[in-house]
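Breakdown of the fold
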Amino acid sequence: IVEAERYHTEEGEFTVSENVATNERVVALSPQFGWLTVESDSTSHDANVYITNHATKKMTSLGTVPVVKKELDSGTYTLSVKREKYLGYEEVFSISDTHTTTIRPHLVPNFVRLTLLADANSEVYNGLSKLGNGGWTGELESGEYSIEVRKPHHYSAYTNITVNMQSAGKTIAL
């Protein structure tokens, strides 16, 4: 029996003869691993990559997209790709002995670009974060926001806005 970690065990027999000076048998163990490549597109570049091994239930970070030929034990995994302002991506995949599995995730945006308008002499805040003076144009993830407009010598004005995919391109007067 010949064994090595992460390789299939090789079993066999051979005969040792007194009349032969050297008794030799070449054993080539076959790997119990393969490789994963995660390619990027415009939505997934620099997104965080995680895998969960179904056998061990262990989650591991692989860094960010792209991932080039990461060696993994043969088996079944779940790939998770996460990036701010995008919906998460998951895919179940298998690693086979000596083969490369290639996945190219495409992430779905979870943000919209919109404009908030306010008086030119005012400041616009989202919580404690100042967005701009006199208004703001930018990207917000889907969700609920409490917007505050501040102006010197005036009471602050507050408004709650709901941002969803239907909000894209809208202008909201504050």
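Right above here is the structure, for reference.
This section reports on the structure supplied with the text.

The rules behind these values
- Residues numbered from 1 in each chain as written.
- Predicted model: local features only at pLDDT ≥ 70, side-chain atom pairs only at ≥ 80, totals over all residues.
- Heavy atoms only, no water.
- Pairing = 2+ DSSP bridges.
- Helix = DSSP H or I, 4+ residues; strand = E, 2+ residues; numbered from the N terminus.
- Axes fitted to C-alpha atoms, helices over the stretch in contact; angles between N-to-C directions.
- Core = buried A, V, L, I, M, F, W, Y, C linked by side-chain atoms within 4.5 Å.
- Buried < 20%, exposed > 50% of the residue type's maximum accessible area, 1.4 Å probe, protein only.
- Contact = heavy atoms within 4.5 Å.
- 1 Å grid on protein atoms, 1.4 Å probe; cavity = no way out; pocket = protein on both sides within 12 Å on 5 of 7 lines; lining within 4 Å.
- Points joined across faces, edges and corners; volume = space filled by probe spheres on them.
- Nonpolar A, V, L, I, M, F, W, Y, C, P; charged D, E, K, R; others polar.

**A short note on the sheet that holds strand β2 (residues 48–53)**
The four strands are arranged β3-β2-β5-β6 in an open sheet whose pairing can be described as antiparallel. Each edge of the sheet is formed by a strand with only one pairing partner; in this case those strands are β3 (59–64) and β6 (89–95). Taking the axes of each pair of neighbouring strands and ignoring which way they run, one obtains an average angle of 25° across the sheet. Looking at chain direction, β2 and strand β5 (residues 75–82) are connected through six bridges and run antiparallel.

**Some points on the nonpolar core**
Grouped together as the largest cluster of nonpolar side chains are 19 residues, with contacts concentrated most on Leu36, Ile51, Leu79 and Phe93. Those elements that place two or more of their residues in this core are β1 (33–38), β2, β4 (67–73), β5 and β6. The residues touching phenylalanine 93, leaving out its near neighbours within four places in the chain, are Leu36, Ile51, Leu72, Gly75, Thr76, Tyr77, Thr78, Leu79, Thr101 and Ile103. Core analysis: the next-biggest nonpolar cluster, separate from the first, contains 12 residues, Leu114, Trp136, Leu140 and Ile161 among them.

**So, the layout of surface pockets**
Taken as a whole, the largest pocket holds about 220 Å³ of empty space. Along the wall of the largest pocket there are 13 residues; nearest its centre are Ile51, Asn53, Thr60, Leu72 and Tyr77. Every element with two or more residues in the lining of the largest pocket is listed here: β2, β3 and β4. Classifying every residue of the lining of the largest pocket gives four nonpolar, four polar and five charged.

**Topic: the pairing of β1**
Among the six residues of β1, six are classified as buried, and the element is accordingly described as predominantly covered. With burial as the criterion, each face of β1 is covered, one bearing Phe33, Trp35 and Thr37 and the other bearing Gly34, Leu36 and Val38. Looking at chain direction, β1 and β4 are connected through five bridges and run antiparallel. Residue pairing across strands places glycine 34 opposite leucine 72, the latter belonging to β4. With four bridges joining them, β1 and strand β7 (residues 100–103) adopt parallel strand pairing. Of the residues in β7, the one forming a bridge with valine 38 is isoleucine 103.

These figures come from the coordinates and say nothing about function on their own.
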